[in-house]
Amino acid sequence: MNINALPFCTTNWAEVPPTEHKGEHGVARWHTRQFGDLRVRMVEYSPGYLADHWCSKGHVLLCLEGELHTELQDGRVFTLTPGMSYQVADNAEPHRSYTELGARLFIVD
């Protein structure tokens, strides 16, 4: 990741309106800021959320609340709880997420 031409700024996430993205089950609410090629998000997954696609985008993801399960296309599953993160490169390992309890995440991609 190269972060270029980004002056110092702050974000009050409570002031960033959410967009809803339906999953196969449940909904994801994204609070998104875009800085050139850099997307920064606060994401809330509803209880019972299951992504409706395999994602090949690279991310740095931090679990803030709840519990998140991320399944890789090869069958491995990783569980994040508050304070845990994962990192994956673009086009490296397709993945999708689900949660029984709901989760709140901070994501940079």
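This one's a predicted model, so the numbers in the text were calculated from it and none came from an experiment. (Residues numbered from 1 in each chain as written. Predicted model: local features only at pLDDT ≥ 70, side-chain atom pairs only at ≥ 80, totals over all residues. Heavy atoms only, no water.)

Novice: When you look at the pattern of salt bridges in this model, what are you seeing that I'm missing?
Specialist: Two side chains carrying opposite charge are able to pair once their charged atoms lie near each other. The final tally for this structure, using the stated rule, is eight salt bridges. For Asp109, the salt bridge is made with Arg39, and the minimal N-O distance between the two is 2.7 Å. With Asp109 in the segment after strand E9 (103-108) and Arg39 in strand E3 (residues 38-45), the pair connects residues that are 70 residues apart, well separated along the chain. Using a relative accessible area of 22% as the deciding quantity, one classes Arg39 as partly exposed. Here Asp90 and Lys57 are joined by a salt bridge, their closest N and O atoms 3.6 Å apart. One end of the pair, Asp90, is in the loop between strand E7 (85-88) and strand E8 (95-98); the other, Lys57, is in the loop between E3 and strand E4 (59-66), and 33 residues separate them in sequence. Judged by its relative accessible area of 46%, Asp90 is partly exposed. A network of salt bridges, in which partner residues are shared, links Arg39, Arg41 and Asp109. (Salt bridge = Lys/Arg side-chain N within 4 Å of Asp/Glu carboxyl O. Helix = DSSP H or I, 4+ residues; strand = E, 2+ residues; numbered from the N terminus. Buried < 20%, exposed > 50% of the residue type's maximum accessible area, 1.4 Å probe, protein only.)

Novice: Please clarify how the side chain of Thr70 should be interpreted in this entry.
Specialist: Here Thr70 lies in strand E5 (residues 68-72). Taking the relative accessible area as the measure of exposure, Thr70 reaches 4% and is therefore buried. A polar contact of 3.1 Å, which involves the side chain of Thr70, links it to the side chain of Ser97. With residues up to four places along the chain from it excluded, the contact list for Thr70 reads Arg76, Val77, Phe78, Tyr86, His95, Arg96 and Ser97. (Polar contact = N/O pair within 3.5 Å; in protein donor to acceptor, adjacent residues only side chain to side chain. Contact = heavy atoms within 4.5 Å.)

Novice: Help me understand the nonpolar core, please; the structure alone is not making it clear to me.
Specialist: Generally speaking, nonpolar side chains in soluble globular proteins are found buried as a group. Counting residues in hydrophobic clusters, the biggest one holds 15 residues, and the most contacted among them are Ala28, Val43, Tyr45, Leu61, Leu68, Leu80 and Leu105. When residues of this core are traced back to their parent elements, those giving at least two are strand E2 (27-35), E3, E4, E7 and E9. With three residues, the top contributor of residues to this core is E9. Core analysis: the next-biggest nonpolar cluster, separate from the first, contains seven residues, Trp13, Val16, Met42 and Val108 among them. (Core = buried A, V, L, I, M, F, W, Y, C linked by side-chain atoms within 4.5 Å.)

Novice: Help me out: how do you make sense of the sheet that holds E5 in this one?
Specialist: Two modes of strand pairing occur in sheets, parallel and antiparallel, and in both the strands are linked by backbone hydrogen bonds. Reading across the sheet, the three strands line up as E6-E5-E8 and stay open at both edges, with antiparallel pairing between neighbours. Looking along the sheet, the strands with just one partner apiece sit at the ends: strand E6 (77-80) and E8. Neighbour to neighbour, the strand axes of the sheet diverge by 25° on average, direction disregarded. (Pairing = 2+ DSSP bridges. Axes fitted to C-alpha atoms, helices over the stretch in contact; angles between N-to-C directions.)

Shape is all these values report; function is a separate question.
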